[in-house]
Amino acid sequence: MPVPPHARGYASFGGSAGRTSAESTPDWTYPPTAPAGSPNIVVVLVDDMGYSDIGPFGSEIETPTLDRLAAQGVRLSNYHTTPLCSPSRAALLTGINSHRAGFGFVANADPGYPGLRLELADDVLTLPEILRDNGYATYAVGKWHLVRDATMNPSAHRGSWPTQRGFDRYYGSLEGLNSFYYPNQLVSDSSVVDVEEYPEGYYLTDDLTDKALSYIKDLRAHDAEKPFFLYFAHVAMHGPLQAKAEDQAKYRGRYAEGWDELRRRRFAEQLAQGLFPPGTEQKPRNTEPGYEAAEWDSLSADEQRRYAKYMEVYAGMVDSIDQSLGRIVDLLEDLGELDNTIIVFTSDNGGTAEGGPEGTRSYFAEFAHVDDPGWVGDVPHDEDLIGTAKLGVHYPRGWGQASNTPFRFYKGQTFAGGVRVPLVVSWPKGLPRTDTDSGIRHEYAYVTDLAPTLLELAGLDRPSVRNGLPAKDFDGVSAAELLRDQAAPTRHTEQYSEMTGHRGFYRDGWKLLSLHGADADIDAPNWQLFDVRADPTELHDLSARHPDKAAELAAAWDESAWANTVFPLLTRADLFRRRPEEARFAAPVRLLPGTPTLERYRSQRLIAYRDFTITADLTGTAVSAERVVDGYRPGDEGVLVAHGDPLGGYLLYIEDGEVVLGVNSYGRYASVGVPLPIGTREITVRATVEPRLRWDFTIQVDGTPLAELTDQVQLVGMAPWTGISVGVDARGPVSWELRERRGPFRYSGGLRAITYTPGPVQVPQRTIDAVEREAEYAAE
């Protein structure tokens, strides 16, 4: 019988509808289902780990899980990525060149140009979105860093958060780095995890691994067949370097011979493994100003001992990553699914030089880049603290060069040290190794190739539309044939690169490179030309011998830069421009007890480079139905406000009848206390900017100044890392001694509110460059 005109809601119904069920036929709709036998996919992405840091690429660090996967799988010896983390993550997850995906830099700036949107656009499909549309469960754990820092707070638009970009579940850190013992902020799905105190023995890598395993177990408890995609983006190896004591202990004394000898041994092992052809050269060390690594034998015995300790911590962290992967492999074996799981292991960029020539003893202080050796004034720290929860450090850049063996330069540059990283792929069922296959592929591949490769291996289609918009096409090409056949040529024959003025262009074995000097014209590249088939370590500049080839590739770079929205090239001042509406973050704010810990960036805008006032209102607070507090009473105690953690911060608390202000200047702690009169209704802390990036603090009680804490180092350069908490010192302790005695020390009296009143920004001219460089180093 015909459907009446007013029953148009049945137009898409596949059954039939009569007036009763007796004269009707049911029909059901189903979500997408993956093809039978579809493989699971696990992508493990490590942060800031260089080419030579795992066993299959020449390392002495114990990586038995990766050794096993490489032995049964494939190693790509000529795999490249972008020089920094956010761009690499965008390219990996979209198959689109980083600028065209909107990530020409890390997500800690906002200059207002298409290649630097620092948010994923609506017409950019992600790999998890594609896989979910093909019937996969999709999970992500770890570092995201594809959300602008200004949009990490609960009031922000979340269109670029993981669960809005294709992941069913997410657990990790939205920003670019974190403490491994006291993460400043963790997110579960789309909500901040409101942690007051982390449990004893907490370590971030273990927590992320536990969550990844729980996702897989939960899926299998409900569905035995559905394939899954796990994106495990480690926060390690990004600084601050912190490793569990037992992992550090395994490497005690193993780096006493220094980075020169380590590079020699690793390179010899790489040649023995067949990663490079005989005759490949390794430059003894970087010698260019600003990038140079000292000769190990030129260092004093004290320096050698301390520097070796940094590397012991780093090695322990790499070891921990392999242990994490081992737990995932063990679970897949227990489930009987290892053979039909594609496992990809790689790094987002090369090893870093951000530890400088001597290593950072106060990691977040280093981000301020103030040209004043006495600025922090806490050198050296107790060496026993290196790698522990009490201190954030990074290794000297000599170890960064060793990490990048045998290449030149580091993360952030377009030379191989910044962009050539290890890649291991294992899939026993789909990529079985034959006796005649070496398991090593020497052909060129690029990070944008991973998404199309995984889709081809899994036999899945890519939608052409996202949110009603034509989806941007892949820039990468599938390397599936290359993985299956060691004789297959690469399909990726040319590729541009650009990062903060550093440039590169690869075509058919030729590579054109330019190292951008900080004071040089941003649009005047000093090109060098290399034949990387004969010279993979980029040592012999052939631009004078082949000027036509250099000119050809320079023109190709220019054309590719326009096509990928690389232009305009930005100076530092322009790169760190912020949109005007962010000024609201520095407006006065009243915070009530029970307010979850504020997000880091929002908190920092209230105090960075400015005077500020904190007012604690102790009046008119209902403690119970019978009792209303109107001011301080004997026995009231606890933290009124805290901002930061062991890596830098400040707090105001009451104990034993005194109000105490403590300031942690990147690990150096100072405090002042004053007796608090009974009935005090208001406590005010005033911070006043002084020369040389200092603050003078004054404590006022009911309007009367009673104490001072002067000449304190300003907390800038991403510090304080943990945001503001009211009525408790949540997450990482600002004062280690107070935490050991009192725990988070929740305030027991009547606290009505904490009010922040920021003053205008005051940046001395001599530190302008430091301010402009904050984001570049803080979240790379």
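The structure displayed is predicted, hence computed values, not measured ones.

### Some details on the packing of aromatic side chains
Logical step 1: Scanning the model with the defined rule gives 34 aromatic pairs in all.
Logical step 2: For the pair Tyr-51 and Phe-276, a centre-to-centre distance of 5.7 Å together with 40° between the ring planes defines the contact as tilted. On the criterion of sequence distance, the pair formed by Tyr-51 in the loop between strand E1 (40-46) and helix H1 (64-72) and Phe-276 in the loop between helix H6 (259-273) and helix H7 (301-335) is long-range, its members being 225 residues apart. The two residues Tyr-51 and Phe-276 agree in class, both being buried.
Logical step 3: Between Phe-276 and Phe-407, the aromatic rings sit 5.8 Å apart at their centres with planes inclined by 75°, giving edge-to-face as the arrangement. One end of the pair, Phe-276, is in the loop between H6 and H7; the other, Phe-407, is in the loop between helix H9 (397-403) and helix H10 (416-419), and 131 residues separate them in sequence. The residues Phe-276 and Phe-407 share a single accessibility class, namely buried.

### Re the environment of Gly-631
Logical step 1: For Gly-631, the position within the fold is in the loop between strand E22 (628-629) and strand E23 (638-645).
Logical step 2: When its relative accessible area of 0% is taken as the criterion, Gly-631 is described as buried.
Logical step 3: Along the chain, Gly-631 and Gly-750 lie 119 residues apart, while their C-alpha atoms are 7.1 Å from each other.

### Section: the pairing of E23
Logical step 1: Counting buried residues along E23, 8 of its 8 residues qualify, which places the element largely inside the surrounding structure.
Logical step 2: Looking at chain direction, E23 and strand E24 (residues 648-655) are connected through 7 bridges and run antiparallel. Residue pairing across strands places Gly-638 opposite Ile-654, the latter belonging to E24.
Logical step 3: Taken together, E23 and the strand that follows it, E24, pair antiparallel across an intervening segment of 2 residues.

### Focus on the confidence of the model for the protein
Logical step 1: Considering every residue of the protein, the mean pLDDT works out to 92; 94% of them sit at 70 or more.
Logical step 2: In the predicted structure, residues 766-780 sits below a pLDDT of 50 and forms 52 contacts with residues beyond four places in sequence or in another chain.

### Observations concerning the nonpolar core
Logical step 1: In this structure, Phe-105, Trp-144, Phe-229 and Tyr-231 are the most contacted members of the largest nonpolar core, which totals 77 residues.
Logical step 2: Ranked by residue count, the leading element in this core is helix H11 (residues 450-458), at 6 residues.
Logical step 3: Setting aside anything within four residues of it in sequence, one finds Tyr-231 in contact with Val-43, Leu-45, Arg-89, Leu-92, Leu-93, Tyr-139, Ala-140, Val-141, Trp-144 and Phe-167.

### Some details on the sheet that holds strand E15 (residues 494-499)
Logical step 1: Pairing is antiparallel in the open sheet, where 4 strands are placed in the order E15-E16-E17-E18. Both outer strands of the open sheet, E15 and strand E18 (527-531), are each paired with one neighbouring strand and no more. Adjacent strand axes in the sheet meet at a mean angle of 10°, parallel and antiparallel pairs treated alike.
Logical step 2: Summarising the sheet, E15 and strand E16 (residues 502-507) pair through 6 bridges and their orientation is antiparallel. What sits directly across from Ser-497, in E16, is Gly-504.
Logical step 3: The strands touched by helix H13 (residues 547-563) are E15, E16, strand E17 (510-514) and E18; relative to E16, the strand with the most contacts, the crossing angle is about 110°.

### Description of the pattern of salt bridges
Logical step 1: Evaluated as defined, the whole model comprises 53 salt bridges.
Logical step 2: The closest approach of N and O atoms between Lys-143 and Asp-47, which form a salt bridge, is 2.3 Å. With Lys-143 in strand E4 (residues 137-143) and Asp-47 in the loop between E1 and H1, the pair connects residues that are 96 residues apart, well separated along the chain.
Logical step 3: Lys-143 sits in the buried class, given a relative accessible area of 1%.
Logical step 4: You can call Asp-47 buried: its relative accessible area is 0%.
Logical step 5: Linking Arg-169 and Asp-189 is a salt bridge whose minimum nitrogen-to-oxygen distance equals 2.8 Å. With Arg-169 in strand E5 (residues 169-173) and Asp-189 in the loop between strand E6 (187-188) and strand E7 (191-192), this pair connects stretches of sequence that are 20 residues apart.
Logical step 6: Asp-189 sits in the partly exposed class, given a relative accessible area of 23%.
Logical step 7: One continuous salt-bridge network, built from bridges that share partners, spans Asp-110, Glu-119, Arg-148, Asp-149, Arg-578, Arg-579 and Glu-582.

### Details of the packing of helix H4 (residues 204-222) against H7
Logical step 1: Where H4 contacts H7, the axes come no closer than 10 Å and their chain directions differ by 15°. Classified by the interaxial angle, the pair formed by H4 and H7 is roughly parallel. Classified by chirality, the crossing of H7 by H4 is right-handed. Contact residues: Thr-205, Asp-206, Thr-209, Asp-210, Leu-213, Ile-216, Lys-217 and Arg-220 in H4; Ser-320, Ser-324, Arg-327, Ile-328, Leu-331 and Leu-335 in H7.
Logical step 2: When grouped by side-chain class, the residues that make up the contact of H4 with H7 number 5 nonpolar, 4 polar and 5 charged.

### Quick word on H11
Logical step 1: Burial within H11 is extensive, with 8 of its 9 residues counted as buried.
Logical step 2: If you check which residues of H11 are buried, you get Leu-450, Ala-451, Pro-452, Thr-453, Leu-454, Leu-455, Leu-457 and Ala-458.
Logical step 3: In the segment just after H11, Gly-459 is the residue with positive phi, at about 70°.

### Points about the side chain of Thr-490
Logical step 1: Examined against the element boundaries, Thr-490 turns out to sit in the loop between helix H12 (480-484) and E15.
Logical step 2: Thr-490 gets classed as buried once you look at its relative accessible area, which sits at 18%.
Logical step 3: A polar contact of 2.6 Å, which involves the side chain of Thr-490, links it to the backbone oxygen of Tyr-444.
Logical step 4: For Thr-490, the contacting residues outside a window of four places in its chain are Glu-443 and Tyr-444.

### Some thoughts on unusual backbone geometry
Logical step 1: The amide bond that connects Gly-239 to the next residue, Pro-240, takes the cis arrangement and shows omega of 0°.
Logical step 2: Positionally, Pro-240 belongs in the loop between strand E8 (228-233) and helix H5 (245-249).
Logical step 3: Looking along the chain, the bond that leaves Ala-719 and enters Pro-720 is cis, with omega of -10°.
Logical step 4: As for its position among the elements, Pro-720 is in the loop between strand E29 (704-713) and strand E30 (724-726).
Logical step 5: Here the phi dihedral of Tyr-609 falls at roughly 55°; this positive angle occurs in a residue that is not glycine.
Logical step 6: Checked against the element boundaries, Tyr-609 lands in the loop between helix H15 (600-604) and strand E20 (610-617).
Logical step 7: The exposure class assigned to Tyr-609 is buried, which follows from its relative accessible area of 5%.
Logical step 8: The backbone phi angle of Arg-731 is positive, close to 60°, even though this residue is not glycine.
Logical step 9: With respect to the helices and strands, Arg-731 occurs in the loop between E30 and helix H16 (736-742).

Quick notes on the rules
- Residues numbered from 1 in each chain as written.
- Predicted model: local features only at pLDDT ≥ 70, side-chain atom pairs only at ≥ 80, totals over all residues.
- Heavy atoms only, no water.
- Phe/Tyr/Trp six-rings, centres within 6.5 Å; stacked < 30°, edge-to-face > 60°.
- Helix = DSSP H or I, 4+ residues; strand = E, 2+ residues; numbered from the N terminus.
- Buried < 20%, exposed > 50% of the residue type's maximum accessible area, 1.4 Å probe, protein only.
- Pairing = 2+ DSSP bridges.
- pLDDT = per-residue confidence, 0-100.
- Contact = heavy atoms within 4.5 Å.
- Core = buried A, V, L, I, M, F, W, Y, C linked by side-chain atoms within 4.5 Å.
- Axes fitted to C-alpha atoms, helices over the stretch in contact; angles between N-to-C directions.
- Salt bridge = Lys/Arg side-chain N within 4 Å of Asp/Glu carboxyl O.
- Parallel < 35°, antiparallel > 145°, perpendicular 65-115°, else oblique.
- Left-handed = near helix turned anticlockwise from the far one by under 90°.
- Nonpolar A, V, L, I, M, F, W, Y, C, P; charged D, E, K, R; others polar.
- Polar contact = N/O pair within 3.5 Å; in protein donor to acceptor, adjacent residues only side chain to side chain.

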